[in-house]
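# Descriptive analysis of the structure
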Amino acid sequence: MQIRLDTVTADYRVGPIRSPKILNAVSTTVKSKSFSAVVGHTGSGKSSLLKLTNGLLLPTSGQVEIGDHIIKSENPKKSVKAARKKVGMVFQFPESQLFAETVEKDIIFGPLNFGMSVEEAKVIAKEVIVQVGLEVSILKKSPFSLSGGQKRRVAIAGILAMNPDILVLDEPGAGLDPKGKKEIMSLIRSWHEEKGLTTIFVTHDMDDVALYADEVIVMEKGSIAFQGTVRDAFRDADRVRNWHLELPEARRFQLKLEKEKAVSLPRVCLTLNELADVLIEVGLA
Ligand SMILES: Nc1ncnc2c1ncn2[C@@H]1O[C@H](COP(=O)(O)OP(=O)(O)OP(=O)(O)O)[C@@H](O)[C@H]1O
Ligand SMILES: [Mg+2]
């Protein structure tokens, strides 16, 4: 399912007070079944961009299209409800939103809210708990007795249980150890493939972008500074620095090597394996 933003401007309103424009006339299309990373300096509007996709933040002008559902400032209620059925949103540190006395109750909460029967929802809970790499027996436990990584998986399972077409995740790997982070990112990538989802995730880790994403959206001060393939995003090191971003490790290493050896390798390398292949190809290894 495709997402389209058409000249969307948005701000936050707390009582009568309005923040300055947080997103400024943003237009973009995120293609159906694409896997995109949203990156950018802190405060650039990444989380706000995600919130627009399920009506947590409403446009003050312009419109957000989730498939055929159009969210505008004038008619939000009905379209937001429809969009929420399609867009599974995983917030930053989602485990802080676990609340029920058992993992199962937590997972079935969303599906029940959308009108599923308890029996159906319990069957789905069993399926999704396995999909996030946990044992069925964990369903009977209290979510508060689990490790950080397990809680994160339970929270994501609760979103998968609603069978979304679009999966939106705000820093899904934040705060996990490298192994836990790698496992979560690989799981997200494999659901993306298996279920034909449209996936968008926010990250501060450019190696995650290089390893898992196909497309990149770079946010800068409430606007999209760049949208394109991962390889194009990391081609020009100066531009990346101007976005206040780092390069992925392999690309950084590649540029250092090119400088030291006074060579120019034939393509942008995103992983160390790619770099090794290119070095063999040109006879430098
Ligand atoms: N609930 C809110 N009320 C008022 N202003 C907000 C609110 N949430 C975010 N903002 C402001 O909106 C701007 C964009 O915030 P946003 O959370 O989208 O940035 P971000 O790119 O996700 O940053 P980070 O990398 O730190 O998570 C910031 O200036 C922030 O202060
Ligand atoms: Mg954020």
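This one's a predicted model, so the numbers in the text were calculated from it and none came from an experiment.

Cut-offs applied
Residues numbered from 1 in each chain as written. Chains lettered and ligands numbered in written order. Predicted model: local features only at pLDDT ≥ 70, side-chain atom pairs only at ≥ 80, totals over all residues. Heavy atoms only, no water. Buried < 20%, exposed > 50% of the residue type's maximum accessible area, 1.4 Å probe, protein only. Helix = DSSP H or I, 4+ residues; strand = E, 2+ residues; numbered from the N terminus. Pairing = 2+ DSSP bridges. Expected span 1.5 Å × (residues − 1). Arc of directions from axis to C-beta. Contact = heavy atoms within 4.5 Å. Near = heavy atom within 4 Å. Polar contact = N/O pair within 3.5 Å; in protein donor to acceptor, adjacent residues only side chain to side chain. Areas by Shrake-Rupley, 256 points an atom, 1.4 Å probe, with all protein chains shown as cover. Nonpolar A, V, L, I, M, F, W, Y, C, P; charged D, E, K, R; others polar. UniProt positions renumbered as here; feature names shortened; annotations may be inferred. Salt bridge = Lys/Arg side-chain N within 4 Å of Asp/Glu carboxyl O.

### What about the pairing of strand E9 (residues 166-170)?
Burial of E9 is extensive: five of the five residues sit out of reach of the surface. Judged by which residues are buried, E9 turns out to be covered on both faces: Ile166, Val168 and Asp170 on one side and Leu167 and Leu169 on the other are all buried. Taken together, the four bridges between strand E8 (residues 87-90) and E9 define a ladder with parallel strand orientation. Paired with Val90 across the strands is Leu169, a residue of E9. Sheet analysis places E9 next to strand E10 (residues 198-202), joined by five bridges and oriented parallel. Within E10, the residue paired with Ile166 across the bridge is Thr198.

### Description of helix H6 (residues 178-195)
One turn of the α-helix equals 3.6 residues, which is why residues spaced by three or four share an orientation. The end-to-end C-alpha distance of H6 is 26 Å, a good match for the 26 Å that 18 residues give at a rise of 1.5 Å each. Among the residues of H6, Gly180, Lys181, Ile184, Met185, Leu187, Ile188, Arg189, Trp191 and His192 are the ones counted as buried. Looking one or two residues past H6, Gly196 carries a phi angle of roughly 60 degrees, positive in sign.

### Focus: helix H4 (residues 118-131)
Counted at 1.5 Å a residue, the expected span for H4 with its 14 residues is 20 Å, and the 20 Å between its end C-alpha atoms agrees. Inspection of H4 places Ala121, Ala125, Val128 and Ile129 among the buried residues, and these make up the whole buried set. Along the axis of H4, the buried positions cluster into a sector of 100 degrees, meaning they face one direction only. Those residues of H4 that are buried are in contact with helix H3 (103-113) and helix H5 (148-160). Following H4 by one or two positions, Gly133 adopts a phi angle in the positive range, close to 80 degrees.

### A short note on the site of ligand 1
Contacts to ligand 1 come from Tyr12, Ile22, His41, Thr42, Gly43, Ser44, Gly45, Lys46, Ser47, Ser48, Glu171 and His204. One of the backbone nitrogen or oxygen atoms of Gly43 is found 2.8 Å away from an oxygen atom of ligand 1. Burial of ligand 1 by the protein chains amounts to 61% of its free accessible area of 630 Å². Residues of the shell around ligand 1, tallied by class, amount to two nonpolar, eight polar and two charged.

### What about the UniProt feature "domain: ABC transporter" (unreviewed entry) in the chain?
The UniProt record marks residues 3-246 with the feature "domain: ABC transporter" (unreviewed entry), using the residue numbering of this structure. In residues 3-246, the share of helix is 37% and the share of strand is 25%. The end C-alpha atoms are 27 Å apart.

### Structural notes on the pattern of salt bridges
Here the idea is simple: oppositely charged side chains can pair when their charged atoms come close. A full pass over the atoms with the stated rule returns 19 salt bridges. Members of the salt-bridge network, linked through shared partners, are Arg4, Asp6 and Glu65.

### Things to note about the environment of Val64
Summarising the element assignment, Val64 is placed in strand E6 (residues 61-66). Residues Val64 and Ile3, spaced 61 residues apart in sequence, show a C-alpha to C-alpha distance of 7.5 Å. Those residues in contact with Val64 that sit more than four places away from it in its chain are Arg4, Leu5, Val8, Leu52, Pro59, His69, Ile70 and Ile71.

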